[in-house]
Structures are given as structure tokens and as C-alpha cells.
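These are the residues of each chain, in order.
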Amino acid sequence: MTITIIGLGLIGGSLALSLRQHGLADRLIGVENHAPYARRALELGLVDEIETDLGTAVAPASLIIVAVPMDAMLAVLPQVLDLVTDQQTVIDVGSTKGNLLAAVADHSRRSRFVAVHPMAGTEYSGPDAAVRGLFEGKTLVVCDAEASNPAAVAMVEALFQALPMRVLHLGAADHDLHTAYVSHISHLTSFALALTVLEKEQRGEQRIFDLAGGGFASTVRLAKSAPATWVPIFRQNRENVLDVLDEHLHQLQKLRELLVQEDYAALTTELEHANAIRKIIP
């Protein structure tokens, strides 16, 4: 089928690669307002063509994937729904859902929209960040599926299962809460750690480079992520992010107090308790 992808960064570009790899698209149309990204997407063969007019890009597609930053998503998704027919399906791939679903709740084509979040990514952005096989073995969250056309939901799930991905159904509120716990706080913490080290090691970039081991590199990796992607996510999921951030700060303060008090037995107990994460994430 013909698939249109609006936004050809990491997720949009990686989806293009995966869809082509698994023979799920006969024709891939890209929409990308950033001219260097548009040229690069064509050079990399992510899409077959670039369209600058949204109506022209949407008209021939059976599936339209909206893969733009979350603030832009609030404007672009309603525009796409204005253009589609009852034979077309629209999905987003955004990291927050509450505001987005509220924005289209009363749209006449709401049933043609399936809200999904592929739980995959890297710290890089742009078409050059596209990764073949990025979604293999990962989870696709489908949000508020009862508000979407059942046939559209079935088609979208079958498409992502072919990548292959696991499918999980959540309500939008639960999705936003749990992604704050397992994704958004990780990015915010990584940004904070990078700022901490840059502040303490002023004018010592080479020292950081020389001494940074695998533990630091893996922990701070997410701080390389684009602010243009993450500030809108933090803004739209602000209450949940603040809630989990408060708990994170509480846990850091608790560990700090144990160090101040030199209570290493209690510190050992806390760290052993943290080791329980092994049972969840091997």
C-alpha cells in the first residue's frame, strides 16, 4: 500500500526503513518541512518522493503516519484528519497522548485515527539517525483503541506486529503516567547528570573524555537527545513528570543523608532493594 510519513526524523525515518524492509509499503511518500532533512531522506532512500503540500501527500495514502514533535503534532494531526476519507487511517507516534487526544476528541474523522506509541528510539535525531530494525522486539502501545474504527485498529496492529512488535493497550492517562516513569524521567535525569558534570568539570572536557567509563557514558547517553523533541514532551506531560521527579529527588536525598550519616549498612540495604529491578529488567 501507499504510506505517507509526515516527519522524517529518527522515528519517521526508521519506520520508513522497517516498512520497506518487510515489504509493507509499495510507495512511501514523505513530508518534511526542513529542506536539508527532506534532501537527506531522499538521498538515503527513506522515501520514494517528498511532497510539500499536505493535501497532495495525504490523498493517495492508505495510511498516514504523523511523526513530528509533540507541539507540532497538536497542529498537524487535526489538519491531516480534515483531509482523510473513511477509507484512510491516520496514526501518530508521539510520546504523550492526553493533550493530543483531547485536541481531536470531537473531530468528525476521529474514528480514522489510531493513537500509538512505539516504545523505541535512540539519542540521535534527523534522517541520518534512522535505524533499520529499530522496532524489532519492542512494544507498541495503542491508546484509547475503543475510540477508533475497529478495522483501522486491526490494520495498524497487524502492520506493527509484522515489524515485529508486541502490542499493548492502555488508556491515554495510564500511558502518560507510565511513560513518565520509564522514559521521561530517564531523559530528564540524564540531562541533569550531564549539566552536573559539565558544571563540576569546567574547562575539563578532555578530562571527562579520558576518564568517562561505560557506566557514565550509558547513563548520560540520553542527554544527547534533541531539546526540540524533549521540551514539548516535558511540557505536555508536565504533571506526571513533576510527580515522578519529586519521588526521584526524594530517593536521591535519602541516599545523600545516608552518606552524610555514614550509615553504610542502611545504604547497602537501599542499594540491595534497588537491585530488585533485575527481576523486572534482566
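So, here's what we can say about the structure.

Conventions used here
Residues numbered from 1 in each chain as written. Predicted model: local features only at pLDDT ≥ 70, side-chain atom pairs only at ≥ 80, totals over all residues. Heavy atoms only, no water. Helix = DSSP H or I, 4+ residues; strand = E, 2+ residues; numbered from the N terminus. Rg over C-alpha atoms; globule rule 2.2 N^0.38 Å. Buried < 20%, exposed > 50% of the residue type's maximum accessible area, 1.4 Å probe, protein only. Areas by Shrake-Rupley, 256 points an atom, 1.4 Å probe, with all protein chains shown as cover. Lys, Arg positive; Asp, Glu negative; His and termini not counted. Charge placed at Lys NZ, Arg CZ, Asp CG, Glu CD. Pairing = 2+ DSSP bridges. Contact = heavy atoms within 4.5 Å. Axes fitted to C-alpha atoms, helices over the stretch in contact; angles between N-to-C directions. Polar contact = N/O pair within 3.5 Å; in protein donor to acceptor, adjacent residues only side chain to side chain. Parallel < 35°, antiparallel > 145°, perpendicular 65-115°, else oblique. Left-handed = near helix turned anticlockwise from the far one by under 90°. Nonpolar A, V, L, I, M, F, W, Y, C, P; charged D, E, K, R; others polar. Right-handed = clockwise from strand over helix to strand, strands pointing away. Core = buried A, V, L, I, M, F, W, Y, C linked by side-chain atoms within 4.5 Å. Salt bridge = Lys/Arg side-chain N within 4 Å of Asp/Glu carboxyl O.

### Some points on the overall build of the chain
Piece 1. Broken down by element type, the chain carries twelve helices and eight strands.
Piece 2. A compact globule built from 282 residues would reach a C-alpha radius of gyration of about 19 Å, and the chain, at 21 Å, matches this within 12%.
Piece 3. By principal-axis analysis of the C-alpha atoms, the chain measures approximately 65 × 40 × 30 Å.
Piece 4. In the chain, which comprises 282 residues, the share counted as buried stands at 43%.
Piece 5. Accessible area of the chain: about 14600 Å², with a carbon and sulfur share of 56%.
Piece 6. Of the side chains in the chain, 22 bear a positive and 33 a negative charge, and the two mean positions are spaced by 4 Å.

### Overview of the sheet that holds strand β8 (residues 166-170)
Piece 1. Pairing in this open sheet of eight strands is mixed, and the strands run β3-β2-β1-β4-β5-β6-β7-β8 from one edge to the other. Of all strands in the sheet, those with a lone pairing partner are β3 (49-50) and β8, marking the two edges.
Piece 2. Bridge count for strand β1 (residues 2-6) against strand β2 (residues 27-31) is five bridges, and the pairing is parallel. When the sheet's bridge partners are listed, I6 is paired in β2 with V31.
Piece 3. The strands that helix α4 (residues 70-83) touches are β1, β4 (63-66), β5 (89-92) and β6 (113-118); relative to β4, the one it contacts most, it runs at about 165 degrees.

### Describing the environment of A223
Piece 1. Within the fold, A223 resides in the loop between α9 (214-220) and α10 (227-236).
Piece 2. Taking C-alpha positions, A223 is 29 Å from V260, a pair spaced 37 residues apart along the chain.
Piece 3. Those residues in contact with A223 that sit more than four places away from it in its chain are S190, F191 and A194.

### Some points on the side chain of T179
Piece 1. Inspection of the secondary structure puts T179 in helix α7 (residues 172-200).
Piece 2. Given the relative accessible area of 3%, T179 is considered buried.
Piece 3. A polar contact of 2.9 Å, which involves the side chain of T179, links it to the backbone oxygen of H175.
Piece 4. Within the structure, the side chain of T179 is placed 3.3 Å from the backbone oxygen of D176, a separation counted as a polar contact.
Piece 5. The contact partners of T179, leaving out residues within four places of it in the chain, are S95, H117, M119, H184 and N237.

### With respect to the packing of α7 against helix α11 (residues 238-260)
Piece 1. Look at α7 against α11: their axes get within 9 Å of each other, and the N-to-C directions meet at 60 degrees. With respect to each other, α7 and α11 are oriented oblique. At the point where α7 passes α11, the crossing takes the right-handed sense. Every residue of α11 that contacts α7 at D176, L177, A180, Y181, H184, I185, L188 and T189 is listed here: N240, V241, D243, V244, L245 and H248.
Piece 2. A breakdown of the residues in the contact of α7 with α11 according to their chemical character gives eight nonpolar, four polar and two charged.

### Here we look at the pairing of β8
Piece 1. As judged from the five bridges shared by strand β7 (residues 139-143) and β8, these two strands associate in the parallel manner. Note that in β8 the partner of T139 across the bridge is R166.
Piece 2. Handedness of the crossover joining β7 and β8 through helix α6 (residues 150-161) is recorded here as right-handed.

### A short note on the nonpolar core
Piece 1. Counting residues in hydrophobic clusters, the biggest one holds 37 residues, and the most contacted among them are I6, I64, V66, L77, V80, V90 and F113.
Piece 2. The dominant element in this core, judged by the number of residues it contributes, is α4, at six residues.
Piece 3. Sequence-distant contacts of I64, that is, excluding residues within four places in its chain, are made with T4, I6, V58, V80, V84, Q88, T89, V90 and I91.
Piece 4. In terms of nonpolar packing, the next biggest core, distinct from the first, is built from 36 residues, A16, V93, L140 and L159 among them.

### A word on the environment of G94
Piece 1. If you trace the backbone, G94 turns up in the loop between β5 and α5 (98-104).
Piece 2. What makes G94 buried here is its relative accessible area of 4%.
Piece 3. Each C-alpha atom of the pair G94 and K254 lies 34 Å from the other, and the pair is 160 residues apart in sequence.
Piece 4. Among residues more than four places away in sequence, those in contact with G94 are M70, M73, V116 and H117.

### Quick word on the pattern of salt bridges
Piece 1. All chains considered together, the criterion is met by ten salt bridges.
Piece 2. E43 serves as the salt-bridge partner of R40, at 3.0 Å between the closest nitrogen and oxygen. Of this pair, R40 and E43 both sit in helix α2 (residues 35-43), three residues apart, roughly one helical turn.
Piece 3. By relative accessible area, E43 is classed as exposed at 57%.
Piece 4. With a shortest N-O distance of 2.8 Å, D128 and R40 are connected by a salt bridge. Note that D128 is positioned in the loop between β6 and β7 and R40 in helix α2, a separation of 88 residues in sequence.
Piece 5. With a relative accessible area of 29%, R40 lands in the partly exposed category.

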